[in-house]
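The chain contents come next:
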Amino acid sequence: AVVTLVAAVAVVALFAALRPGTQPDQAADGRPAPGSGSIDLERRVTDFTAGLGKDGGYQPPTREERRTVAKGVALLLEGRREEAERRLADVEYGIRTVRDRATGRRFAEVADLAEAARVRRGWGSVYVDLSSPARWSVQVPHPVADRDTERLGVRVLRGRPGGVLVLAGAHRRAGQGGAADVAHRRDTVFHAVCAELAAHGLPGIQLHGFANDSAPGYDAVVSTGSGRHGLRPARALARALGAGGRDVCRAWARSCPLAGRGNEQSRTAAARRVPFLHVELSRDLRNDAGMEEAVAALTAAITAWA
C-alpha cells in the first residue's frame, strides 16, 4: 500500500510538472519559482542607465538602422518573434526574455546584443510585456538627465498589463548638436520605435522631470502635447495628482511651462490621432518619498488603455 501511494504521488507530480502553461521556472500560480533566475527589472534598467553621462557615447543611427529596429519591435508585437529576431540581428540587436521578480511577469527585452554596444551606440532598449497583447506604451526619453524617470517608467510598466517601455539609450546631452535629445528629434531609434507603436494605435505616456524651481508653484505639468486625443486620461491624471494635494498645471486649460508642444513623439501621435500624454514631474514627485504617489496616479490614469 505504501508503494502504491508513493507511485500515485509520483504520477501526480509528473502531471503537475507537465501541465500546459507552466514553465520550468514558473510556479503553478504563474509566479517565478524560488531560485528560478528571475530578475529585478528596475535594477536591470538602472544598472544600465547608471553608466550614462553627458560625456558618454552616442552613435547616430542611419535611416535603415532606425527602420530595422522599429520593424523588429513591430514583428515582436505581432507575435512573429523568429522573424523579429532575424530582422534585429541585421543591426546586432536581439531579444531576451526576462522574468521580473516583482510581478512574476515575463518581458521581452529588445536591445544591443553586446552590453558594450548599448553604451557605445546609445540607441536604447524596449521592454514588451509578454503576459498580454500590447495596448499602450510608456516612454522615457531622458534617463538620468531627468533623474529617476527610468525608475518611474519601469514602475508604470509593472502597474498595468499590456505595456511597452521605450527607454532612450544615452544622456540627452551626449553626442554632437543635441543628437541624443530624442524627444526633439526624428532621426533616432527611440523615435522610430515610438512612431511604430503609434502606427499600431498604441497610446503613449512620456515621462519627464524638472527641477522644483523650473516651474514655480507646480508639482506637475500634464499635457496632451501637440494634439488633444489624450484629454480624458490627462484629466484623470491631473485629478489623481490634485487629490493628493499636488499643484498641477493643466496645459489644455491654461498656458503652462514645459508643455511639450514641440515634442516629436507627440506630433507623430497627433498625426495618427492616437492618445498621448506628456508629463513633467517635479523632483519631489520623483524622489523615494513621492514616487509611489506619482506611480499610483500614472497607472490609474491609463487604466482604460490597459
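Here is what the cut-offs are and how they apply
Residues numbered from 1 in each chain as written. Predicted model: local features only at pLDDT ≥ 70, side-chain atom pairs only at ≥ 80, totals over all residues. Heavy atoms only, no water. Helix = DSSP H or I, 4+ residues; strand = E, 2+ residues; numbered from the N terminus. Buried < 20%, exposed > 50% of the residue type's maximum accessible area, 1.4 Å probe, protein only. Core = buried A, V, L, I, M, F, W, Y, C linked by side-chain atoms within 4.5 Å. Contact = heavy atoms within 4.5 Å. Expected span 1.5 Å × (residues − 1). Axes fitted to C-alpha atoms, helices over the stretch in contact; angles between N-to-C directions. Parallel < 35°, antiparallel > 145°, perpendicular 65-115°, else oblique. Left-handed = near helix turned anticlockwise from the far one by under 90°. Patch = residues over 30% accessible without salt bridge, like charges linked within 9 Å, V, L, I, M, F, W, Y side chains within 5 Å. Areas by Shrake-Rupley, 256 points an atom, 1.4 Å probe, with all protein chains shown as cover. Salt bridge = Lys/Arg side-chain N within 4 Å of Asp/Glu carboxyl O. Lys, Arg positive; Asp, Glu negative; His and termini not counted. Charge placed at Lys NZ, Arg CZ, Asp CG, Glu CD. Disulfide = S-S within 2.5 Å. Pairing = 2+ DSSP bridges.

Positive phi values are uncommon outside glycine, yet Val 144 reaches one of about 70 degrees. One can find Val 144 in the loop between strand 4 (136-140) and helix 6 (149-159). The partly exposed category is assigned to Val 144, whose relative accessible area is 29%. Of note, the phi angle at Asp 148 is positive, near 70 degrees, even though the residue is not glycine. Secondary-structure assignment places Asp 148 in the loop between strand 4 and helix 6.

Now for the nonpolar core. Formed by 40 residues in total, the largest nonpolar core has its most connected members in Ile 205 and Leu 298. Considering each element in turn, this core owes the most residues, 6 residues, to helix 10 (residues 288-301). Discounting residues that sit within four places of it in the chain, Ile 205 has contacts with Ser 137, Val 138, Gln 139, Leu 277, Val 279, Leu 298, Ile 302 and Trp 305. Core analysis: the next-biggest nonpolar cluster, separate from the first, contains 29 residues, Val 73, Val 126, Val 128 and Cys 194 among them.

Before going further, it helps to spend a moment on helix 3 (residues 63-77). In this model helix 3 runs 21 Å from its N-terminal to its C-terminal C-alpha over 15 residues, within 8% of the 21 Å that 1.5 Å per residue would give. Residues of helix 3 that are buried include every one of Arg 66, Thr 68, Val 69, Ala 70, Gly 72, Val 73, Ala 74, Leu 75 and Leu 76, and no others. Of the surrounding secondary structure, the elements contacted by the buried residues of helix 3 are helix 4 (81-89), strand 1 (93-99), strand 2 (106-112), strand 3 (125-129) and helix 7 (189-199). Positioned one or two residues after helix 3, Gly 79 has a phi angle of 80 degrees, which is positive.

Attention now moves to the packing of helix 8 (residues 231-243) against helix 10. Relative to each other, helix 8 and helix 10 sit at 150 degrees, their axes nearing to 8 Å. Viewed along their axes, helix 8 and helix 10 adopt a mutual orientation that is roughly antiparallel. Viewed along their axes, helix 8 and helix 10 form a crossing whose handedness is right-handed. Counted together, Pro 233, Ala 236, Leu 237, Ala 240 and Leu 241 of helix 8 and Glu 293, Ala 297, Leu 298 and Ala 301 of helix 10 form the full contact between these two elements.

Let us now look at a positive patch on the surface. There is a patch of like positive charges on the surface, built from Arg 228, Arg 235, Arg 239, Arg 250, Arg 254 and Arg 261. Following the sequence through the fold, Arg 228 ends up in the loop between strand 7 (220-223) and helix 8.

Once that is clear, we can look at the state of the cysteines. Put plainly, a disulfide is one covalent bond tying together the sulfur atoms of two cysteines. Tallied over the full model, the rule gives 1 disulfide. At a sulfur-sulfur separation of 1.9 Å, the disulfide partner of Cys 249 is Cys 256. Taking the sign of the torsion about the S-S bond as the criterion, the disulfide between Cys 249 and Cys 256, at about -90 degrees, is left-handed.

Attention shifts here to the pattern of salt bridges. As a working rule, side chains carrying opposite charge can pair if their charged atoms are close by. Under the criterion given, the structure shown has 23 salt bridges. The partner of Arg 267 in a salt bridge is Glu 264, and the shortest N-O contact between them spans 3.2 Å. Of this pair, Arg 267 and Glu 264 both sit in helix 9 (residues 264-271), separated by 3 residues, roughly a single helical turn. With relative accessibility at 41%, the residue Arg 267 sits in the partly exposed group. Note on Glu 264: relative accessible area 11%, which makes it buried. Salt bridges sharing partners connect three or more residues here, namely Asp 40, Glu 42, Asp 100, Asp 148, Arg 151, Arg 155, Arg 158, Arg 283 and Asp 288.

In space, the 9 strands of this open sheet follow the order 1-2-3-5-4-6-9-7-8, with mixed pairing throughout. Both edges of this open sheet fall to strand 1 and strand 8 (248-250), since each of them pairs with a single strand only. With direction set aside, neighbouring strand axes in the sheet form an average angle of 20 degrees. Pairing between strand 2 and strand 3: 4 bridges, direction antiparallel. Residue pairing across strands places Val 110 opposite Val 126, the latter belonging to strand 3. Across the face of the sheet, helix 6 comes into contact with strand 2, strand 3, strand 4, strand 5 (163-167), strand 6 (204-210) and strand 9 (276-282) while running at roughly 170 degrees to strand 4.

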